[in-house]
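# Overview (structure and organization)
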Amino acid sequence: MAFSRIHKLDPWSRGTFRKAAVMLCCFLAPLILLHLLTDRCTLPSPVTASSYRAARLSDDFSPMRTKRLVYEWTGAGSELMGYGAARRVSRVLADERARKVVELPDESLMLPPPDLVVSRKVSPRFAGKLSPLGEGSKKLPQALIIGVKKGGTRALLEFLRVHPDIRAVGAEPHFFDRNYDNGLEWYRELMPKTLEGQITMEKTPSYFVTREAPARISAMSRDTKLIVVVRDPVTRAISDYTQTLSKKPDIPSFESLTFKNRTTGLIDTSWSAIQIGIYAKHLDNWLQYFPMEQILFVSGERLITDPAGELGRVQDFLGLKRIITDKHFYFNQTKGFPCLKKAEGSSKPHCLGKTKGRTHPNIDPEVVQRLRDFYRPFNMKFYQMTGRFFGWDD
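What counts, and where the lines are drawn
Residues numbered from 1 in each chain as written. Predicted model: local features only at pLDDT ≥ 70, side-chain atom pairs only at ≥ 80, totals over all residues. Heavy atoms only, no water. Helix = DSSP H or I, 4+ residues; strand = E, 2+ residues; numbered from the N terminus. Buried < 20%, exposed > 50% of the residue type's maximum accessible area, 1.4 Å probe, protein only. Contact = heavy atoms within 4.5 Å. Areas by Shrake-Rupley, 256 points an atom, 1.4 Å probe, with all protein chains shown as cover. Disulfide = S-S within 2.5 Å. Pairing = 2+ DSSP bridges. Axes fitted to C-alpha atoms, helices over the stretch in contact; angles between N-to-C directions. Expected span 1.5 Å × (residues − 1). Polar contact = N/O pair within 3.5 Å; in protein donor to acceptor, adjacent residues only side chain to side chain.

What follows covers the overall build of the protein chain. Each helix and strand counted, the protein chain has 13 helices and 13 strands in total. Per-residue burial over the protein chain gives 40% buried out of 394 residues. A sequence separation of at least 24 residues applies to 68% of the contacts in the protein chain between residues at least 6 apart. Carbon and sulfur atoms make up 56% of the accessible area of the protein chain, which amounts to about 22600 Å² in all.

What follows is the structure in structure tokens.
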């Protein structure tokens with residue numbers, strides 16, 4: 001009886017087994033296929049951040065069609081595993097057998113930081129195509145021409161740019177007076193690229209009379225060398241007025257702007273043309289942040305009569321060889337200014353623009369004398385502070 005019951009269940013058991021086998025195959029087939037696809041597509045395992053970046057980096061250097069690895073895979077954490085990894089190993093080995101891998105010195109390559117590159121070995125077809133160092137870099141200025149307006153700062157800058165070890169910005173950045181909120185990186189980007197041993201410079205004459213400028217420059221670097229081109233404050237004030245008059249012909253006369261009250265002879269020191277010439281007052285502010293030995297005063301008058309002599313002092317101050325000499329200058333009788341026989345990057349003579357050397361208007365001699373009397377005590381103090389007699393009161 002029991003035997004007959006078991007015999008009757010056999011067909012049902014075989015069918016159930018077949019159904020279970022089919023279901024198991026249907027379940028396992030996608031898993032196997034997914035595993036194979038995953039093994040082909042994934043990066044080597046275990047994957048670290050540095051190995052992943054290195055892999056991406058090598059792809060960036062590879063051509064679109066061949067996708068060869070430039071850098072060798074070395075170091076812990078970059079072992080190649082799996083079917084797809086084995087194919088990658090074979091490609092690397094094939095490349096090594098096909099080409100000799102050369103080793104280039106580190107300084108000759110513009111490579112990413114070391115943590116992004118596993119090896120410094122580069123394929124020969126990339127050798128010489130990576131940008132070499134030696135083109136220079138942008139640096140914050142080590143020297144500044146900080147003043148004064150209408151003193152001769154443009155002439156000094158143009159003369160200094162002849163020196164091969166000086167790289168200077170042509171335009172006035174006005175960073176420490178108008179654009180300070182833009183930050184030092186913005187300021188650095190304005191600078192020209194310099195090589196080792198070259199000096200980065202800029203000139204903005206308004207720095208000398210800007211109250212906040214000394215502290216801001218000191219915060220950038222206490223070692224900054226400062227150059228101030230000074231000129232007879234009376235002549236400077238008239239030149240300042242002449243420049244403004246050329247832009248605004250309808251401004252009041254020089255005489256009316258000079259005095260608060262013409263009858264009493266009280267000088268209006270709030271007028272910027274007058275205020276700038278009180279050099280001793282402005283210098284007091286700078287000496288709160290910089291020692292006198294870091295400030296050089298250039299005579300605007302001697303820059304005209306003896307440009308090579310004044311440029312010699314500047315080159316000494318900057319620690320440079322005296323390359324700019326008499327042979328670089330000739331005197332232009334029409335403009336009344338010295339000009340360069342050869343400008344920077346040119347074989348042609350170069351004079352300052354037409355805005356330099358304007359003819360001054362005739363000023364009442366009595367007003368000129370009043371101004372000389374006003375400036376005399378400030379000039380004397382300035383001579384004492386700088387240890388140099390400029391001869392403006394002769």
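Okay, back to it.
Here the focus is the environment of Ala 273. Of note, Ala 273 is situated in helix α9 (residues 272-275). Residues Ala 273 and Lys 149, spaced 124 residues apart in sequence, show a C-alpha to C-alpha distance of 9.2 Å. Apart from the residues lying within four places of it in its own chain, the contact partners of Ala 273 are Arg 236, Ala 237, Asp 240 and Tyr 375.

On to the state of the cysteines. Counted by the stated rule, this structure contains 1 disulfide. There is a disulfide in this structure between Cys 339 and Cys 351, and the S-S distance comes to 1.8 Å. Handedness here is read from the sign of the S-S torsion; for Cys 339 and Cys 351, about 105°, the answer is right-handed. Of the two residues, Cys 339 is situated in strand β13 (residues 337-340) and Cys 351 in the loop between β13 and α13 (365-386); the sequence distance between them amounts to 12 residues.

Counting buried positions over the 6 residues of strand β8 (residues 225-230) gives 5, a clear majority of the element. As judged from the 4 bridges shared by strand β4 (residues 143-147) and β8, these two strands associate in the parallel manner. In the strand pairing of β8, Gly 147 is matched with Val 228. Here 5 bridges tie β8 to strand β11 (residues 295-299), and the two strands are oriented parallel to one another. Residue pairing in the sheet places Val 228 in a bridge with Phe 297 of β11.

Ordered by their spatial adjacency, 5 strands build an open sheet running β5-β7-β4-β8-β11, and the pairing between neighbours is parallel. Lying at the two open borders of the sheet, with one neighbouring strand each, are β5 (166-168) and β11. Across the sheet, the axes of successive neighbouring strands diverge by a mean angle of 25°, strand direction being ignored. Direction of pairing for β5 relative to strand β7 (residues 199-203): parallel, over a ladder of 3 bridges. Counted as the bridge partner of Arg 167 is Thr 200 from β7. Against the sheet, helix α4 (residues 153-160) makes contact with β4, β5, β7, β8 and β11, and its axis sits at roughly 160° relative to β4, the strand it touches most.

Take helix α7 (residues 233-247) next. Taking 1.5 Å per residue as the helical rise, α7 with its 15 residues ought to reach 21 Å, and the 21 Å between its terminal C-alpha atoms agrees with that figure. Buried within α7 we find Pro 233, Val 234, Arg 236, Ala 237, Ile 238, Ser 239, Asp 240, Tyr 241, Thr 242 and Gln 243. Residues of α7 that are buried sit in contact with α8 (254-258), α9, α10 (279-286) and α13. If you check the start of α7, you find a side-chain oxygen 3.0 Å away from the backbone N of Val 234, and it comes from Asp 232.

This part takes up unusual backbone geometry. Between Gly 147 and Val 148 the backbone carries a cis peptide bond, its omega angle lying at -5°. One can find Val 148 in the loop between β4 and α4. The phi dihedral of Lys 150 falls on the positive side, at around 60°, and the residue is not glycine. Relative to the helices and strands, Lys 150 resides in the loop between β4 and α4. Taking relative accessible area as the criterion, Lys 150 reaches 14% and is therefore assigned buried. Despite not being glycine, His 174 has its phi angle at roughly 50°, a positive value. Under the relative-accessibility criterion, His 174 is labelled buried at 10%.

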